[in-house]
Amino acid sequence: MNTSESLADLVAAEDVLLFVNAAITATGQREFRSGDSGAMDQQLSLDFLHTYVRVNYRRVYAASLALDINDHNAARIVLALLESAGEASADERRVEGRLIAARLAMLPPQRVYRLFGAVRRAGINNRRTRAIMRDWLAARPDLGHDAVKYRSGVKTAARHVHLRCPPGAEPLPEVGAFLFRPGKLPRYAHPLLDAWRRAHYEQGAVAELPFTVAEGFAARHGMKRAVFLERAAPRMTRLERLRTQEQRAVEGLGPDADLAVMPLTRLALYVLALPFERRVARRAELTGALRTAARRAAGEHAGSWGRVHAVLDDSFSSSGSGQKRRRPLAVALACHYLLEALAAPGAYRGLWTSGRDDALLVRPWGPTPLGMRILDALEPGPGGGEPDGSGDGEQDGPVGAGPGGTEPGGTEPDGPRSTAPDRLVIVSDGWDNAPAGLAGEVLRVWRQRLDPGRRTAVVHLNPVYDAGGFDVRRLTTGVPTAGIRDAEDLPALVEIARFAEGRTGTAELYAYLDRRVARFTGEGDGS
């Protein structure tokens, strides 16, 4: 391969990874450093990236639906693919159709209905689009439930695809009458449709409705909030129940949230919302729940990563924005427990930028001395005599080296490299400022002078999108950086981040994407 082809491959790989990072982290909302215009900046930045990648790398653009991108960007990709179907070949349209169907099945229904509204406003009304929408509507478990809970969305979608309600195809005739001829039928056979009718004048029918719909009727009838929540609990979705329990538990107004069913990142957000005294009082419960959720997220990868050191950002910027309160810190906290589960038993060490060694009590505070903490993580000194820093205030035994400069097994170390990690994971927004630029210089010298053989794998995970740079902020060119939104995606993101090191070409990247697409659409085992 000549130099120009190699350069073209490198540029293509960088473009693809730049877009993937943006699609994972950017949600069109303000970030800590973006100011009042941050949301608009993000929207403009995303508009450019989506158009650029769709036009130049359509195959990759569609394949992104099979990656761990967020729902906001997944919906944008689906809309753009449907709107530009004329630019794709027949084979590309077939693959895109399968990817779109698989992704729509994963998206929350309210987001899909908003997407269908955008499809209608954009005037996309070809047979392929209508077929995709009909198939999704046909797969809904209860269209009557959707008609009550997402009435305007179902109405828009049904009108756009010319959804027919032939006699005998229950409950479609009633749904059609409910949406387009309200008040014509004196009662409905479908229980939810009839409960909606009765809820206008009968308080007892309110508890039969979906929670978000029942809230409006409860306010209309003047029902007390506590009474309403007790009656509505059986009909809440899992996320609605979690949100309600979290709010009441944080405010000290009701029973605690069910920690056993919370996803890891959401559990971290819940923990950070609690006052310090409640975290201390519930230390065993919260720590146990975080570790259980982390083991669940680690799955088959648990214990397989060897010695893992992590540098975790709890500086003031980790407080996030008004729209993403404490999100960066929650991601770091969740990653802390997940990395502990991924590391070999007793071989994890977490270092917070603030110097704290109790992860349960972290809070956004101070500058971001990433360089100093990376030095601590890479060069802990002979025997690694620093505190464990496993982060819950309970010492479970040595995680680095043992007392007196010995390894956990009691063997004498052979120098600083004896305690160097197999993996170093940095979770930070990348704004290294104490002193500025030290982190990048430390990593550059480490890679070039002290570890040219790459015995320590280093990866930077960034939960914050930088609209001005069209990417997440990087520490140095020699260390791969991946965007992250949920800690649960960490193993997959570390895998894709290796393509940013420049040691693999576009062929390997495309092969990886093809495997993910095959696994996502059910056409292969992804191996």
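Residues numbered from 1 in each chain as written. Predicted model: local features only at pLDDT ≥ 70, side-chain atom pairs only at ≥ 80, totals over all residues. Heavy atoms only, no water.

**Some remarks on the layout of surface pockets**
Definition in use: The method works on a 1 Å grid over the protein atoms by themselves. A cavity is a set of points holding a 1.4 Å probe that cannot get out, a pocket is an open set with protein on both sides within 12 Å along at least five of seven lines, and residues with an atom within 4 Å of a point line them. Grid points are joined across faces, edges and corners, and a volume is the space filled by probe spheres set on the points. Under the scheme used here, helices are H or I runs from DSSP no shorter than 4 residues and strands are E runs no shorter than 2 residues, and both carry numbers assigned from the N terminus. All amino acids are sorted into three groups, where Ala, Val, Leu, Ile, Met, Phe, Trp, Tyr, Cys and Pro are nonpolar, Asp, Glu, Lys and Arg are charged, and the leftover types, Gly among them, are polar.
In this structure, the largest pocket spans a volume of roughly 1900 Å³. Going through the elements one at a time, α4 (71-83), α5 (90-106), α6 (109-121), α8 (143-149), α14 (238-250), α15 (264-273), α21 (490-497) and α22 (506-521) are the ones with two or more residues in the lining of the largest pocket. In terms of residue count, α14 provides more of the lining of the largest pocket than any other element does, 6 residues in total. Taken together, the residues that form the lining of the largest pocket break down as 17 nonpolar, 10 polar and 21 charged. Approximately 270 Å³ is the volume found for the second largest pocket. Forming the walls of the second largest pocket are 18 residues, and the residues nearest its centre are Arg59, Val95, Leu99, Asp514 and Val517. Considered class by class, the residues forming the lining of the second largest pocket number 9 nonpolar, 1 polar and 8 charged.

**Focus on the pattern of salt bridges**
This is how the line gets drawn: A side-chain nitrogen of Lys or Arg and a carboxyl oxygen of Asp or Glu constitute a salt bridge if their distance falls within 4 Å.
In the structure shown here, the tally under the stated rule is 25 salt bridges. We note a salt bridge from arginine 356 to aspartate 314, for which the minimum N-O separation is 3.1 Å. Of this pair, arginine 356 sits in the loop between β2 (348-352) and α19 (370-378) while aspartate 314 sits in the loop between β1 (308-312) and α18 (327-342), and the two are 42 residues apart along the sequence. Put simply, Arg54, Arg58, Glu87, Glu96 and Arg128 are held in one network by salt bridges that share partners.

**Some words on helix α9 (residues 151-160)**
To be explicit about the condition: Per-residue accessibility, obtained with a 1.4 Å probe over protein chains only, is compared with the maximum for each type, and a residue is labelled buried under 20%, exposed over 50%, and partly exposed between these values. Starting at the helix axis, one direction is taken to each C-beta atom, and the arc is that of these directions.
Turning to α9, its buried residues number three or more, namely Gly153, Val154, Ala157, Ala158 and His160. Burial along α9 is one-sided: seen end-on, the buried residues are contained in an arc of 165°. Taken from the residues just after α9, histidine 162 is the one with a positive phi, measuring 55°.

**A word on the packing of aromatic side chains**
Convention followed: A pair of Phe, Tyr and Trp rings is counted when the ring centres sit within 6.5 Å of each other, with Trp represented by its six-membered ring. The angle between the planes then sorts it: under 30 degrees is stacked, over 60 is edge-to-face, the rest tilted. Both a distance and an angle decide whether a charge sits over a ring: NZ of Lys or CZ of Arg must be within 6 Å of the ring centre and within 35 degrees of the ring normal.
Counted under the stated rule, the structure contains 10 aromatic pairs. When the ring of tyrosine 113 is compared with that of phenylalanine 116, the centres are 6.4 Å apart and the planes differ by 85°; the resulting orientation is edge-to-face. Remark: phenylalanine 116 and tyrosine 113 occur in helix α6; sequence separation between them is 3 residues, near one turn of the helix. Taking relative accessible area as the criterion, tyrosine 113 reaches 4% and is therefore assigned buried. Here phenylalanine 211 and phenylalanine 228 contribute two aromatic rings whose centre-to-centre distance is 5.6 Å and whose plane-to-plane angle is 20°, an arrangement assigned as stacked. Of the two residues, phenylalanine 211 is situated in helix α12 (residues 211-221) and phenylalanine 228 in helix α13 (residues 225-232); the sequence distance between them amounts to 17 residues. Here the two residues phenylalanine 211 and phenylalanine 228 agree in accessibility, since each one is buried. Among the aromatic residues, those joined into a cluster by ring pairs are Tyr113, Phe116, Trp136 and Tyr150. Sitting above the plane of the phenylalanine 178 ring, arginine 151 keeps its charged end 4.5 Å from the centroid. Above the face of the tryptophan 431 ring, arginine 473 is positioned so that its terminal group lies 3.8 Å from the ring centre.

**Re the packing of α6 against α9**
Two numbers describe a pair of packed helices, the interaxial angle and the distance between the axes. For clarity, the threshold we go by: With axes taken as lines fitted to C-alpha atoms, and helix axes fitted only over the stretch in contact, angles between N-to-C directions fall between 0 and 180 degrees. Orientation labels follow simple angle bins: below 35 degrees gives roughly parallel, above 145 gives roughly antiparallel, 65 to 115 gives roughly perpendicular, and whatever is left gives oblique. The sense of a crossing depends on the near helix, which, turned anticlockwise from the far helix by less than a right angle, makes the crossing left-handed and, turned clockwise, makes it right-handed. We call two residues in contact whenever any of their non-hydrogen atoms come within 4.5 Å of each other.
The N-to-C vectors of α6 and α9 enclose an angle of 45°; their axes lie 9 Å apart at closest approach. Classified by the angle their axes make, α6 and α9 are oblique. Of the two elements, α6 crosses α9, and the hand of that crossing is left-handed. Residues Tyr113, Phe116, Gly117, Val119 and Arg120 of α6 pack against Gly153, Val154, Thr156, Ala157, Arg159 and His160 of α9.

**Focus: the side chain of serine 84**
The cut-off we apply is this: Throughout this description, a polar contact denotes any pair of N or O atoms lying within 3.5 Å of each other; where both atoms belong to protein, one of them has to be capable of donating a hydrogen while the other can accept it, and for residues adjacent in sequence the pair is counted only when both atoms sit in side chains.
Summarising the element assignment, serine 84 is placed in the loop between α4 and α5. Given the relative accessible area of 7%, serine 84 is considered buried. A polar atom in the side chain of serine 84 sits 2.9 Å from the side chain of arginine 58. Within the local environment of serine 84, its side chain forms a polar contact with the backbone oxygen of alanine 80, the two atoms lying 2.7 Å apart. In this structure serine 84 touches Arg54 and Arg58, once residues within four positions along its chain are discounted.

**Comments concerning helix α17 (residues 283-298)**
Because each turn of an α-helix spans 3.6 residues, side chains separated by three or four positions in sequence point in the same direction. The cut-off we apply is this: Expected helix span is taken as 1.5 Å per residue step, with the number of steps being one fewer than the number of residues.
Between the first and last C-alpha of α17 there are 22 Å, a value that for 16 residues agrees with the 22 Å anticipated at 1.5 Å per step. What α17 keeps buried is the set Arg283, Leu286, Thr287, Ala289, Leu290, Arg291, Ala293, Ala294 and Ala298. As for α17, its buried residues are in contact with α15, α16 (276-281) and α18. With its phi angle positive at about 55°, glycine 299 sits one or two positions after the end of α17.

**Structural notes on the nonpolar core**
Quick note on the threshold: Throughout, nonpolar core names a set of buried Ala, Val, Leu, Ile, Met, Phe, Trp, Tyr and Cys residues whose side chains join them through atoms within 4.5 Å.
Counting residues in each nonpolar core, the largest one holds 129 residues, and the members touching the most others are Leu104, Phe228, Leu267, Leu339 and Leu490. Examining the composition of this core, we find that 12 residues originate from one element, α18, more than from any other. Once you skip the residues sitting within four places of it in the chain, leucine 267 turns out to touch Leu259, Met262, Ala289, Leu290 and Ala293.

**So, the sheet that holds β1**
The condition that has to hold: Two strands are said to pair when DSSP picks up at least two bridges between them.
Read across the sheet, 5 strands follow the order β2-β1-β3-β4-β7 without closing on themselves; strand pairing throughout is parallel. Since the sheet does not close on itself, it has two edges, and those belong to β2 and β7 (481-483), each with one partner. For this sheet the average axis-to-axis angle between neighbouring strands, irrespective of direction, equals 20°. Looking at chain direction, strand β3 (residues 423-427) and strand β4 (residues 457-462) are connected through 5 bridges and run parallel. For arginine 423, the partnering residue across the bridge sits in β4 and is alanine 457. Along the sheet, α21 contacts β3, β4 and β7; its crossing angle with β4, the most-contacted strand, is approximately 115°.

**Description of the confidence of the model for the protein**
Selection criterion: Each residue carries a pLDDT score, the predictor's confidence in it, ranging from 0 to 100.
The pLDDT averaged across the protein works out to 82; a share of 82% of its residues lies at or above 70. The low-confidence segment residues 381-391, where pLDDT is below 50, has 29 contacts with residues more than four positions distant or belonging to other chains. In this model, residues 393-418 is a region of pLDDT below 50 whose contacts with residues beyond four sequence positions or in other chains number 43 contacts.

**Here's the deal with unusual backbone geometry**
Glycine aside, the phi torsion of most residues is negative, and most peptide linkages are trans. Note that the residue after alanine 434, namely proline 435, is joined by a cis bond; omega there is -5°. Inspection of the secondary structure assignment puts proline 435 in the loop between β3 and α20 (438-450). At arginine 326, a position not held by glycine, the phi torsion is positive, near 60°. Tracing the backbone shows arginine 326 in the loop between β1 and α18. On the basis of relative accessibility, which here comes to 23%, the residue arginine 326 falls in the partly exposed class.

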